[in-house]
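Topology and contacts: notes
The primary structure of each chain is shown beneath.
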Amino acid sequence: MAAQGGIVFLEKVRRLISKQDGKPVLKPNRPLALRDTVANRKLKKGEATCVTEMSLLMACWKQNNFVDGLCSNEMKTFYTCVEKAQAAIKNKSEQSNLQGGRLHPKHATTLLKRYPNLRTEI
């Protein structure tokens, strides 16, 4: 069923793009040339880490009237979890730089400005 809908869609696009009377049906509203900048969007943040350890620590503080000495075990588990999460994030960022994942928008813009595109329409 989905394949049939995809075929109908492709036929409709093909009809709209095809030339009728020597003129294309779809007209671009901007020139068909690449820009030398990229939109400066923020990369998505990862999911929250160590939430359960933090909630256990806060529950312990609430039970013991916010005395740190009575909740030392929960504090240790929370801090070890935070250290592990920071180390994992650091390793992941190093691997993404080495493997060439997605470029940060600022880096992409500097590369595009260094090597500008032709301004003529394709």
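Quick caveat, the model's predicted, so the values are computed rather than measured.

**Side note on the side chain of Thr109**
The topology assignment puts Thr109 in helix H4 (residues 105–114). Engagement of the side chain of Thr109 in a polar contact is seen with the backbone nitrogen of Val38, the distance being 3.4 Å. Polar contacts involving the side chain of Thr109 include one to the main-chain carbonyl oxygen of Pro105, which spans 2.9 Å. Those residues in contact with Thr109 that sit more than four places away from it in its chain are Asp36, Thr37 and Val38.

**Comments concerning helix H2 (residues 51–63)**
Under the 1.5 Å per step criterion, the end-to-end length of H2 is 18 Å for 13 residues, consistent within 8% with the ideal 18 Å. Directly after H2, the chain includes Asn65, whose backbone phi takes a positive value near 55 degrees.

**Describing unusual backbone geometry**
Its identity as a non-glycine residue notwithstanding, Cys50 has a phi of 60 degrees, on the positive side. Here Cys50 lies in the loop between strand E2 (23–24) and H2. Unusually for a residue other than glycine, Asn65 sits at a positive phi of about 55 degrees. Mapped onto the secondary structure, Asn65 falls in the loop between H2 and helix H3 (72–99).

**Describing H4**
Listing the buried residues of H4 in full gives Pro105, Ala108 and Thr109. Seen along its axis, H4 keeps its buried residues to an arc of 100 degrees; they face one direction. Across from the buried face of H4, at angles greater than 90 degrees, the exposed residues are Lys106 and Arg114.

**Focus on the UniProt feature "domain: CHCH" (unreviewed entry) in the protein**
Residues annotated by UniProt as "domain: CHCH" (unreviewed entry) correspond here to residues 50–84. Here residues 50–84 runs as 74% helix and 0% strand, with 10 Å between its end C-alpha atoms.

The rules behind the values
- Residues numbered from 1 in each chain as written.
- Predicted model: local features only at pLDDT ≥ 70, side-chain atom pairs only at ≥ 80, totals over all residues.
- Heavy atoms only, no water.
- Helix = DSSP H or I, 4+ residues; strand = E, 2+ residues; numbered from the N terminus.
- Polar contact = N/O pair within 3.5 Å; in protein donor to acceptor, adjacent residues only side chain to side chain.
- Contact = heavy atoms within 4.5 Å.
- Expected span 1.5 Å × (residues − 1).
- Buried < 20%, exposed > 50% of the residue type's maximum accessible area, 1.4 Å probe, protein only.
- Arc of directions from axis to C-beta.
- UniProt positions renumbered as here; feature names shortened; annotations may be inferred.

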